[in-house]
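# Per-entry structural report
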Amino acid sequence: MNQLWVNGGLTDADSARVSVLDHGMTVGDGVFETMKATDGHAFALTRHLDRLTTSARGLGLPDPDLDEVRRACAAVLEANPMPLGRLRVTYTGGVSPLGSDRGDAAPTLIVALGASTRRPDTTPVITVPWTRNERGALTGLKTTSYAENVVALARARHHGASEALFANTVGQLCEGTGSNVFVVLDGELLTPPVASGCLAGITRALTVEWTGAQERDLPLDVLERADEIFLTSTLRDVQAVHRVDARDLPATPGPVTAKAMRVFAERAADDLDP
């Protein structure tokens, strides 16, 4: 039986409980991180925990106790051996009044692990008519307020795609529901800057460092002209895109994407906590 960490210790999934008055439940007042776990080892744990703290501060939550979070991750990984998994850390405002005001209770910490499978090398994506707000209060924070992504991803699934891509409010390419996007244009590897409103993805940052990709403001219609497109995320690593809406990209993955996939796989294998 799968075991989770909830507020200080391991518990069986069937008996794990948090209050129905938890602020993460009532108003989405929480932050989270998802890590790839391979044979009991979380990838890029330090970077993910740094971002967890950044997101918590952005919401005005107390800094998480990262020593406790590390202990919780280790305990959950040990209790649930599996070759490939999704390790999720959720940190919320805790029990609070019904409404946006927080109460005085301690934050809630949950760590859970679910089995995963290797993603395909290529995927179709769609664009959606909704926008990311690059000037919003939650911009750049990985919060549990994810309903917008649920709606967009459901549309992608309906159209046979695994991801939906957003523009921001000024029509620039931004990100996917749970991924960052890179394009190859005239031989250059480019990705939207964080100022576009996209999440500062961990896999995105490592890909930029390891490939020399450049950050650049890009119009959404770059997807109609790019020679290659790929996504990055915790469980995708680097994944080529072979179709955007009705546009098929030839010879996917292209040479730049194939090199990025290879470099990422090699560097990640050399250092589990880069």
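Here is what the cut-offs are and how they apply
Residues numbered from 1 in each chain as written. Predicted model: local features only at pLDDT ≥ 70, side-chain atom pairs only at ≥ 80, totals over all residues. Heavy atoms only, no water. Helix = DSSP H or I, 4+ residues; strand = E, 2+ residues; numbered from the N terminus. Rg over C-alpha atoms; globule rule 2.2 N^0.38 Å. Buried < 20%, exposed > 50% of the residue type's maximum accessible area, 1.4 Å probe, protein only. Contact = heavy atoms within 4.5 Å. Lys, Arg positive; Asp, Glu negative; His and termini not counted. Charge placed at Lys NZ, Arg CZ, Asp CG, Glu CD. Core = buried A, V, L, I, M, F, W, Y, C linked by side-chain atoms within 4.5 Å. Patch = residues over 30% accessible without salt bridge, like charges linked within 9 Å, V, L, I, M, F, W, Y side chains within 5 Å. Areas by Shrake-Rupley, 256 points an atom, 1.4 Å probe, with all protein chains shown as cover. Salt bridge = Lys/Arg side-chain N within 4 Å of Asp/Glu carboxyl O.

A few words on the overall build of the chain. Summing up its helical and strand segments, the chain has six helices and 15 strands in all. Whereas a compact globule of 274 residues would reach a radius of gyration of roughly 19 Å, the chain reaches 19 Å, a difference of no more than 12%. In the chain, which comprises 274 residues, the share counted as buried stands at 47%. For the chain, long-range pairs separated by at least 24 residues make up 69% of all intrachain contacts whose partners lie at least 6 apart in sequence. Each charge class in the chain can be summarised by its mean position, and for the 26 positive and 35 negative side chains these summaries are 3 Å apart.

Further remarks concern the nonpolar core. Core analysis: the biggest nonpolar cluster contains 25 residues, and Cys73, Leu87, Val89 and Val111 have the highest contact counts within it. Of all the elements, helix α3 (residues 66-79) adds the most residues to this core, at six residues. Setting aside residues no more than four positions away along its own chain, Cys73 makes contact with Met35, Leu45, Leu87, Val89 and Val111.

Another point: the environment of Ala269. One can find Ala269 in helix α6 (residues 255-270). Sequence separation between Ala269 and Ala106 is 163 residues; the distance between their C-alpha atoms is 38 Å.

A surface patch of like charges, here negative, comprises Glu266, Asp270, Asp271 and Asp273. Relative to the assigned elements, Asp270 resides in helix α6.

Moving on, we come to a nonpolar patch on the surface. On the surface, a nonpolar cluster with roughly 390 Å² of combined accessible area is contributed by Val20, Leu21, Val95 and Leu98. Note on placement: Val20 falls in the loop between β2 (9-12) and α1 (23-26).

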